[in-house]
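Given next are the chains, with one letter for each unit.
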Amino acid sequence: MDLHELRVEIPTSTVEAVDELLLEHGLENWSVFEDVIEKRAWVVGMFESLAAAEARWAELRAIVPTEGWGSAQTRTLGEKEWRDSYKAHFKAWKFGPLHWVPVWERENFKLNAGEAVLWLDPGLAFGTGNHETTRLCVERLVTLAAERGTNGRVVDAGCGSGILALSAAKLGFGNVCGFDNDPEAVRVSQENAELNGLGGVVEFYEGDLTTGLKTDSADILMANILANVLIRYAKELVTAVAPGGVLILSGILAVETQSVIDAFRAEAPDWGVDSRVLGEWSDVVLTRPT
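Per chain, the residues get numbers from 1 upward, laid out in the order the sequence is written. Local features in this predicted model are restricted to residues whose pLDDT is 70 or higher, and side-chain atom pairs enter the listing and the counts only when it is 80 or higher, whereas totals over whole chains, interfaces and linings include all residues. For side-chain calculations, the full set of non-hydrogen atoms in the structure is used, while hydrogens and water are omitted.

### Here's the deal with the overall build of the chain
- Scanning the chain for helices and strands turns up nine helices and 14 strands.
- Both definitions apply: the radius of gyration is a C-alpha atom measure, and the globule rule equals 2.2 Å times residues to the power 0.38. Whereas a compact globule of 290 residues would reach a radius of gyration of roughly 19 Å, the chain reaches 19 Å, a difference of no more than 12%.
- Taken along the three principal axes of its C-alpha coordinates, the chain extends 55 × 50 × 35 Å.
- For the exposure calls, accessible area comes from a 1.4 Å probe over protein chains only, and a residue counts as buried if that area is under 20% of its type's maximum, exposed if over 50%, partly exposed in between. When each of the 290 residues of the chain is scored for burial, the buried share is 44%.
- Only heavy atoms enter the contact rule, under which two residues are in contact if any of them lie within 4.5 Å. Within the chain, contacts between residues separated by at least 24 positions form 66% of all contacts whose residues are at least 6 apart in sequence.
- Lys and Arg are tallied as positive, Asp and Glu as negative. Neither His nor the chain termini are counted. Charged groups are reduced to one reference atom each: NZ for lysine, CZ for arginine, CG for aspartic acid, CD for glutamic acid. Seen as two clouds, the 25 positive and the 44 negative side-chain charges of the chain have centres 4 Å apart. Labels follow the DSSP assignment, with helices taken as runs of H or I lasting at least four residues and strands as runs of E lasting at least two, numbered in each case from the N terminus.

Printed below as a string of structure tokens:
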């Protein structure tokens, strides 16, 4: 499948502000790249068609101030070219007993006794775990598995690529599910489950933070979304956690941490609260009393 790239040069002085606006509005097809040596920066989007690229560009201009930006440039990338571009940036990484490894390294990868691996095949919708928000979640998950064991129900709210739910299954949790309001994300998550021999083991289904949580309570509930969405659905999220359970929130800019904590303390004043920062991002972890 060919993809279509739309690239626009932007002033380097606006990089941080543009990046925050993209995140704030959930514009996931766009990324900001900066060459600090050449002192140049670009906003780049990847799309399945030129029509989609032009529509998303119009949407972006309506939201983000584009004064001083260059003209939009488009080009078509063959499947090999865009897949290879991911390979240049994605490297295997590890935390505790769990490895996240690109599938093209499978032939030469050696796994030690007592460890597990999640194979990743990057694409438009498949995260690699390299982003700080994902790492914050999976590191919390690995730590909880070591401290509490792997009994209990794990739910990945807004599963995206399925990486968090699939990591839970690889750690040994037997009751794991994930949901997303985007049917394409559900499809990709199911494909990634098959890639890792977890087809039918982890349940993925379509739902939002209202409909998707109308199931049995979670012992570990993970939501790597955006701070404004987490705040809006604070009541639904805390209600879905079982007594003694843990709620892991991520997708939170470090400057937004206190706002998220305040919103969840209003809904769950007696819950334990912890947080840590990784780069520009943070998590908020709440523990419900037994």
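More follows now that the structure is in view.
### Remarks on a negative patch on the surface
- There is a patch of like negative charges on the surface, built from E16, E20, E24 and E280.
- Among the secondary structure elements, E20 is positioned in helix α1 (residues 15–24).
- Overall, the relative accessible area of 34% leaves E20 in the partly exposed class. Each patch is assembled from residues with relative accessible area greater than 30% and no salt bridge, linking like charges that lie within 9 Å and nonpolar side chains (Val, Leu, Ile, Met, Phe, Trp, Tyr) that lie within 5 Å. Only the protein chains shown count as cover for residues, and all accessible areas are computed by the Shrake-Rupley method using a 1.4 Å probe. Salt bridges are defined by distance alone: a side-chain nitrogen of Lys or Arg within 4 Å of a carboxyl oxygen of Asp or Glu.

### Structural notes on helix α2 (residues 50–63)
- Expected span, for any helix, means 1.5 Å times one less than how many residues it has. Here α2 contains 14 residues, and its C-alpha end-to-end distance of 20 Å stays within 8% of the 20 Å for a straight helix at 1.5 Å per residue.
- Within α2, the full set of buried residues consists of A53, W57 and L60. Burial along α2 is one-sided: seen end-on, the buried residues are contained in an arc of 65°. Summarising the geometry of α2, the exposed residues directed more than 90 degrees from the buried face are A51, E54 and A62.
- Along its buried surface, α2 packs onto β1 (3–10), α1, β2 (30–35) and β3 (40–47). The directions from the helix axis to the C-beta atoms are what the arc is built from.

### Observations concerning the packing of aromatic side chains
- What counts as a ring pair is set by centres within 6.5 Å for rings of Phe, Tyr and Trp (its six-membered ring), and what kind of pair is set by the plane angle: stacked under 30 degrees, edge-to-face over 60, tilted for all other angles. Scanning the entire structure with this criterion turns up six aromatic pairs.
- Pairing W57 with W69 gives two aromatic rings, centres 6.1 Å apart and planes at 25°, and the pair type is stacked. Of this pair, W57 sits in helix α2 while W69 sits in the loop between α2 and β4 (73–77), placing them twelve residues apart in sequence.
- Residue W57 is classed as buried on the basis of its relative accessible area of 12%.
- On the basis of relative accessibility, which here comes to 11%, the residue W69 falls in the buried class.

### Examining the pairing of strand β11 (residues 218–224)
- Of all seven residues making up β11, five are buried, and the element is well covered by its neighbours.
- Strand pairing follows a simple DSSP-based rule, namely that at least 2 bridges must link the two strands. Of the strand pairs in this sheet, strand β8 (residues 153–157) and β11 are connected by four bridges, and their pairing is parallel. Bridged to V154 within β11 is I220.
- Note that β11 and strand β12 (residues 241–253) share six bridges and pair parallel. Paired with M222 across the bridge in β12 is I248.

### Observations concerning the sheet that holds strand β6 (residues 98–102)
- The mixed open sheet is built from three strands, whose spatial order is β5-β6-β7. Single-partner strands in this sheet number two, and they are β5 (93–95) and β7 (116–120). Taken pair by pair, the neighbouring strands of this sheet meet at an average axis angle of 20°, ignoring direction.
- Across the sheet, helix α5 (residues 163–171) lies against β6 and β7, angled at about 155° from β7, the strand it touches most. For helices, the fitted line uses only the C-alpha atoms of the stretch in contact; every axis is such a line through C-alpha atoms, and the angle between N-to-C directions lies from 0 to 180 degrees.

### Some remarks on helix α6 (residues 183–195)
- If you check α6, its first and last C-alpha atoms are 19 Å apart, about what 13 residues at 1.5 Å a residue would give, namely 18 Å.
- Residues of α6 that are buried sit in contact with α5, β9 (175–180) and β10 (203–206).
- The N-cap residue of α6 is D182: its side-chain oxygen and the backbone nitrogen of E184 are 2.9 Å apart.
- G197 lies just past α6 and shows a positive phi near 70°. In the analysis that follows, any N or O atom pair within 3.5 Å is treated as a polar contact, provided that within protein one partner can donate a hydrogen and the other can accept it, and provided that, for residues neighboring in sequence, both atoms belong to side chains.

### Some details on the environment of W93
- Within the secondary structure layout, W93 lies in strand β5.
- Residue W93 is classed as buried on the basis of its relative accessible area of 7%.
- Residues W93 and E132, 39 residues apart in the sequence, show an inter-C-alpha distance of 13 Å.

Keep in mind these values describe shape, not function.
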